[in-house]
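Architecture at a glance
Chain by chain, the residues:
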Amino acid sequence: MRHKDGPECPPTVVVKEEPAGEPRGSPLSPGGARDELRHSPEPCTKMTMRLRRSHSSSQFVDSYVCRICSRGDEDDKLLLCDGCDDNYHIFCLLPPLPEIPKGIWRCPKCVMAECKRPPEAFGFEQATREYTLQSFGEMADAFKADYFNMPVHMVPTELVEKEFWRLVNSIEEDVTVEYGADIHSKEFGSGFPVRDGKRRLSPEEEEYAGSGWNLNVMPVLQQSVLCHINADISGMKVPWLYVGMVFSAFCWHIEDHWSYSINYLHWGEPKTWYGVPSFAAEHLEEVMKKLTPELFESQPDLLHQLVTLMNPNTLMAHGVPVVRTNQCAGEFVITFPRAYHSGFNQGYNFAEAVNFCTADWLPAGRQCIEHYRRLRRYCVFSHEELICKMAASPEKLDLNLAAAVHKEMFVLVQEERKLRKALLEKGITEAEREAFELLPDDERQCDKCKTTCFLSALACYDCPQGLVCLYHMDDLCKCPRSKQYLRYRYTLDELPAMLHKLKVRAESFDTWANKVRVALEVEDGRKRTLEELRALESEARERKFPENELLHRLKGCLGQAERCVSEALGLISSQETGVPAPALTLEELRAFLEQMNQLPCVMHQIGDVQALLDRVEAFQAEARAALAVPPPGAGALQELLERGARLGVEVPEGRRLERQLAQAAWLEEVTATLRSPRARVPLPVMRGLIQAGRTVAPSPAVDVAMAELQELLTIAQRWEEKAQMCLEARQKHPPATLAAIIKEAENIPALLPNIQALKEALGKARAWIADVEEIQNGDHYPCLDDLEGLVAVGRDLPVRLEELRQLEVQVGTAHSWRDKASRTFLKKNSCYTLLEVLCPCADAGSDSSKRLKWRQEPGLYRLDAESLGLSAQDLRDPGAVIVAFKEGEQKEKEGMLRLRHANAQKSAPPLPGPGPPSCVCGQPSGPAMLQCQLCRDWFHGSCVAWPRLGSQKPSPAWWEWDAKFLCPLCQRSRRPRLETILALLVALQKLPVRLPEGEALQCLTERAITWQDRARQLLASPEVAGPLERLAALRQRLCHGDGDGALREASRNEQTKVSVENGDAPSPEKNGALPSELEALGAALPRLQGPVLELPEAARRPLEELMMEGDLLEVTLDEAQSIWRLLQATRPPPLGLFRLLLELEQAERRGPRARGRDPERRRKRRAERGGGGHLLPSLAKEELEPKRSRGTEGGGDPRDSPTAAAQTPGDS
């Protein structure tokens, strides 16, 4: 509290009491924390502060003249009274004023009249408006923000405090605020959780609902005196709620019955408190009476009305000690008995308060009743009734409370004896028992002092409405003493009995403490049993003795005894059952026995623990004897240790026995390991023994064994390193060297993994050499697969093998021959293997499987060798290969005949549009379809390689034009000439290795030679030789002038004839006719005539059969060409085929010119798009589409585009 800076205040400020004021116990505001409080509006108390001063002066009446000097001069010094309009010179006043005061001024006459007015009662005016909690808060915040002209949270507490006392000090200025005070929590709800059954509490709320700091619980705690009052006293046992706003105040007061009070601020702005200690309460009252005597004359209990404010500075100036604090949200404020306190709210907040009384309050409560008796103030409850009720049930009282009640009861009994004695002395002998607790309080109040009577009261038979306490026995009535009688609750004999029960309860602790002290100190020389000690502890619990040192010692002693009994039973049961218990050392066992002997209680297990100690000490002596002599065997040591382990107690010698046992066991293990005649010692076992030897106790025997183990390990590691070098060396050693190393290492009694691996490698090398010798000495040359397997195994062996180099050369030669044969037969990017090409196509009749193989990735199709029924083992047998080849030839021929017959059923050529898939691309038929001369199937000209007429040397003999088209499915290889194949066979004969491809090539060669012989015989027959001669003569005649002029002109163009032996088409940029020459050939086509030769059916059919068999051969033969020309001459000229081939070739020649002539760009474009193919636009289209490679698998529909990618035979 500030002294120098605080504003000067008038002596006293009171609040005028309006007629509509409510008593203290009624709820006046809508405060509270529950939902019903927020929705239940209640009127608020309105506080209007006015100043009341006491002054004296005289009164004069006149106009425009000073009422003191009666002069009207110096009118600038005249003061006009705002009350009566009289005039006064400022220098005539006493004391004189230096200048004209500002504001309202009243003359001494008006002040005197005000002071002489009759006294009025003061209080709070009841507000007419009703609020909810929310609306009250909005009003309070708006008022504070408007008053201070700033947000409510930014107003300093010092500023609010200074403004509050300024308003209290102000005479002219009135500020009205509202305060929701004394709201009953039973009706509107509490700010704390309450178990009222209205709603289910959360676990956190349950904890607070039972807490002693809950203001609904604190007044009725067991240590609280108020719990013995049955009635719910509002404000004392039942909390009150307070909803405040800025400047709302609570005046100087003390609690009812001078009880404790506790206030909790739930939320909101702070509450400022001022307090005076209880020892200065009378001093405060004297100061207030001295400063405002006229108020206390009319209302002696003015300070109990909560309507008086006085500035703390004024009180402190008169020697009253005052303290202050700001209570913030979440804080408690506690006031002590008869401690005056006041304060005000800093702003909108919500608080809850209640009273409580402890044992130390009882003397103060008795003094308060005496104080009330002097002031003639009503009591809230009867103090005598409260004391007697607690004395009637002393067993329910806390020990400290019982002692305090005993003291109060003693004073009460003595005072009652004295009063009743005085009553007898006055001649009043009549008495009646009265149950005062059953009467309402207003029927048992003293008419004189208003005290609530309980122990006794004086009444009159003639004046039944009168009743006084014994302190005012002379004030009852004027009736004779014979008409008056005593109404009492207890007789004087009953009161001492109640007092004795309290004494027994209060002194029971001393009796109990004496018993406990004797038992714990064994003062009488007798130890108590555990049952007796437990009974003392149970007595303290039942009588609710307070926590004290003796009780702690008793509980500690019981705890130690019970633990000792439990541990002793555990030790004993482990001896009997063999179940291991937590091991104790010998010293711990002795200390445990000593602890049991020192406890002040009898335990029957002490004898068993002593017997166990004796057995342990006997074992210790036996262990010392065993350690003193040379170490016995491991078995004897083990048996001794097992007997010690069964005792469950560790002795110092046990560790030494364990070390001795470990040493003996290790030596025995080393001996058994090294001296075993059969088994070899693994290196990990040897290292483990050495590692274990470092942990055993040292001795000469241990040192010798360790040296032997270390020497053996060193030798073994040296040989292991030597073997490892042999296994990992880049320069391999011959078998003889390795055999010598292995033989020498076998003398070491250790299991050497590297030596063992070297031994296994040598064994594998010898087996490999035997396999090589067996293969080389067999009836047939070894197969390439067998040699490759031997080479792979030999390379992995860490042994130098002389035969390996020879095998590697043979395998390399075989691979070279197979590569050469592959280059000879296989087309570029072929999807067939060499073996497939050389073997007959046994599934030639399955058109779907052929097309599937064409589209699949290489290596994912079914091998022709498999279709021939040849397994991997059959490929090693030459006879099986020949037989399977012959059978495959027949299957191929039969399958081709079926396929030709099936394809002949198709329309020739197929009509474009939707239909079954055709060609290798699997797309429907389209324009520019070519028919294979072998399988009779149809293919898109853009998907296959076709014969190019322009790249040949044109001849007038049109039947010699190479217009024969074989599809990629029928012509699987380059079809080399027979002379080339014979050269490969000669090289094959020089190989000392058998290859499946070599066997197949021999079969293919024999087949080709056989067919060649048949063809020559047929061509030399009379039926065929004559037509051949006529055809040759016709050709000679045409070439010398009888033929077409355009053909002769074209034939004179010297062009390089490109061989189609390998099946690859020549490059159109390097060879071929110019577009004008192609046009000349096309113009000559209508003039071609035929057939030019006739053959009888008997001669033509063998030729056709032989031609089909020749087309199945993957070999180029001149006889096949002769038969083809002869058959062509017997048919009309294939003008449609010639025209289609010319159109395709002409479109191909135009494609490069339309795209540009840069050869480098064309080369890069071909490489990027799969190489080898060319765009083939239709003659009807001028624009050229990008080419399509074979890998697209029919990515475009030839029917939809006039341009399709064409592949040369080499790209097929």
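Because the structure is predicted, anything quoted here is derived from the model rather than measured. (Residues numbered from 1 in each chain as written. Predicted model: local features only at pLDDT ≥ 70, side-chain atom pairs only at ≥ 80, totals over all residues. Heavy atoms only, no water.)

Below, the discussion takes up the nonpolar core. Counting residues in hydrophobic clusters, the biggest one holds 127 residues, and the most contacted among them are Trp 666, Leu 752, Trp 768, Phe 825, Cys 932, Phe 939 and Ile 1123. The element best represented in this core is helix α21 (residues 700-728), accounting for 10 residues. The contacts of Cys 932, once residues within four sequence positions are left out, are Asp 937, Phe 939, Phe 965, Leu 966, Cys 967 and Cys 970. Core analysis: the next-biggest nonpolar cluster, separate from the first, contains 61 residues, Met 236, Leu 386, Ile 428 and Leu 439 among them. (Core = buried A, V, L, I, M, F, W, Y, C linked by side-chain atoms within 4.5 Å. Buried < 20%, exposed > 50% of the residue type's maximum accessible area, 1.4 Å probe, protein only. Helix = DSSP H or I, 4+ residues; strand = E, 2+ residues; numbered from the N terminus. Contact = heavy atoms within 4.5 Å.)

With that settled, the discussion passes to the pattern of salt bridges. In total, this model carries 45 salt bridges according to the counting rule given. Here Glu 161 makes a salt bridge to Arg 324, at a shortest N to O gap of 3.2 Å. Separated by 163 residues along the polypeptide, Glu 161 in helix α4 (residues 157-169) and Arg 324 in strand β12 (residues 323-327) bring together distant segments of the chain. Taking the shortest distance from any N to any O, the salt bridge between Arg 487 and Glu 434 comes out at 3.0 Å. With Arg 487 in strand β19 (residues 484-488) and Glu 434 in the loop between β16 (431-433) and β17 (456-460), this residue pair connects regions lying 53 residues apart in the sequence. Here Arg 487 falls in the buried class, since its relative accessible area comes to 13%. (Salt bridge = Lys/Arg side-chain N within 4 Å of Asp/Glu carboxyl O.)

Here the focus is the packing of α21 against helix α22 (residues 735-745). At a minimum axis separation of 11 Å, α21 and α22 run at an interaxial angle of 160°. It follows that α21 is roughly antiparallel to α22 by the angle criterion. Crossing geometry of α21 relative to α22 is assigned as left-handed. Where α21 approaches α22, its residues Trp 719, Lys 722 and Cys 726 are matched on the opposing element by Leu 738, Ile 741, Glu 744 and Ala 745. (Axes fitted to C-alpha atoms, helices over the stretch in contact; angles between N-to-C directions. Parallel < 35°, antiparallel > 145°, perpendicular 65-115°, else oblique. Left-handed = near helix turned anticlockwise from the far one by under 90°.)

Here we come to the confidence of the model for the protein chain. Overall, the prediction assigns the protein chain a mean pLDDT of 77, with 80% of residues at 70 or greater. Here residues 1-62 is modelled with pLDDT under 50, and outside its nearest four sequence neighbours on either side it reaches 226 contacts, counting other chains as well. Note that residues 1168-1212 has pLDDT below 50 and, in this model, 124 contacts with residues that lie over four places away or in other chains. (pLDDT = per-residue confidence, 0-100.)

Ordered by their spatial adjacency, 4 strands build an open sheet running β16-β19-β17-β18, and the pairing between neighbours is mixed. Unpaired on one side and paired on the other, β16 and β18 (467-468) mark the two borders of the sheet. Taken together, the 3 bridges between β16 and β19 define a ladder with parallel strand orientation. Bridging from a neighbouring strand, Ala 431 pairs with Leu 486 of β19. (Pairing = 2+ DSSP bridges.)

A separate point is the side chain of Gln 346. Counting through the fold element by element, Gln 346 comes out in the loop between β14 (341-345) and β15 (349-356). Setting aside its immediate chain neighbours within four residues, Gln 346 contacts Lys 144, Pro 156, Thr 157, Val 160, Val 246, Glu 269, Pro 270, Thr 272 and Asn 326.

Turning our eyes to something else, we now look at the environment of Leu 419. Looking at the secondary structure, you find Leu 419 in helix α12 (residues 399-425). Classification of Leu 419 by relative accessible area gives buried; the value is 11%. Sequence separation between Leu 419 and Cys 469 is 50 residues; the distance between their C-alpha atoms is 9.7 Å. With residues near it in sequence (within four places) discarded, Leu 419 still touches Leu 470, Tyr 471 and Met 473.

His 383, Leu 386, Ile 387, Cys 388, Met 390 and Ala 391 are the residues of helix α11 (residues 383-392) that are buried. Of the surrounding secondary structure, the elements contacted by the buried residues of α11 are α10 (362-375), α12 and α13 (494-521). The backbone nitrogen of Glu 385 has a side-chain oxygen 3.2 Å away, supplied by the residue at the start of α11, namely Ser 382. (Polar contact = N/O pair within 3.5 Å; in protein donor to acceptor, adjacent residues only side chain to side chain.)

By the definition in use, this model includes 27 aromatic pairs. Geometrically, the ring pair formed by Tyr 131 and Phe 136 is edge-to-face, given 5.4 Å between the ring centres and 90° between the ring planes. Judged by relative accessible area, which is 3%, Tyr 131 ranks as buried. A relative accessible area of 0% places Phe 136 in the buried class. Taken together, the aromatic side chains of Phe 143, Tyr 147, Phe 148, Phe 164, Trp 165, Phe 247, Tyr 274 and Phe 344 make up a single cluster linked through ring pairs. The ring centre of Tyr 372 lies 4.8 Å from the NZ or CZ of Arg 377, which sits over that ring. Here Arg 972 stacks its cationic end above the ring of Tyr 832, 5.9 Å away from the centre of that ring. (Phe/Tyr/Trp six-rings, centres within 6.5 Å; stacked < 30°, edge-to-face > 60°. Lys NZ or Arg CZ within 6 Å of the ring centre and 35° of its normal.)

Most of strand β6 (residues 176-184) sits inside the fold, with 8 of its 9 residues counted as buried. Here β6 runs beside strand β7 (residues 240-244); their pairing, made up of 3 bridges, is antiparallel. Its bridge partner lying in β7, His 184 is registered against Trp 240.

What follows concerns the sheet that holds strand β8 (residues 249-253). The strand order β8-β14-β10-β12 describes an open sheet built from 4 strands, whose pairing is antiparallel. Looking along the sheet, the strands with just one partner apiece sit at the ends: β8 and β12. When strand polarity is set aside, the average angle formed by the axes of neighbouring strands in this sheet is 15°. The pairing of strand β10 (residues 271-275) with β12 spans 5 bridges and is classified as antiparallel. Among the inter-strand pairings, Trp 273 is bridged to a residue of β12, identified as Thr 325. Here α4 sits on the sheet in contact with β8, β10, β12 and β14, set at roughly 115° to β14.

Looking now at the pairing of β7. Each regular strand shows side chains that alternate between the opposite faces of the sheet. Counting buried residues along β7, 5 of its 5 residues qualify, which places the element largely inside the surrounding structure. Neither face of β7 is open: one carries Trp 240, Tyr 242 and Gly 244, the other Leu 241 and Val 243, and all of them are buried.

Packing of helix α29 (residues 878-904) against helix α31 (residues 996-1020) leaves a shortest axis separation of 10 Å and a crossing angle of 50°. Taken as axis vectors, α29 and α31 run oblique relative to one another. The element α29 and its partner α31 pack so that their crossing is right-handed. Contacts between α29 and α31 involve Pro 878, Val 881, Ile 882, Phe 885, Glu 889 and Glu 892 from the former and Glu 999, Ala 1000, Cys 1003, Leu 1004 and Arg 1007 from the latter. Across the contact of α29 with α31, the residue classes break down as 7 nonpolar, no polar and 4 charged. (Nonpolar A, V, L, I, M, F, W, Y, C, P; charged D, E, K, R; others polar.)

Another aspect to go through is a nonpolar patch on the surface. Residues Trp 213, Phe 332, Ile 334 and Phe 336 make up a contiguous nonpolar surface patch of about 410 Å² in total accessible area. Within the fold, Trp 213 resides in the loop between α6 (203-209) and β7. (Patch = residues over 30% accessible without salt bridge, like charges linked within 9 Å, V, L, I, M, F, W, Y side chains within 5 Å. Areas by Shrake-Rupley, 256 points an atom, 1.4 Å probe, with all protein chains shown as cover.)

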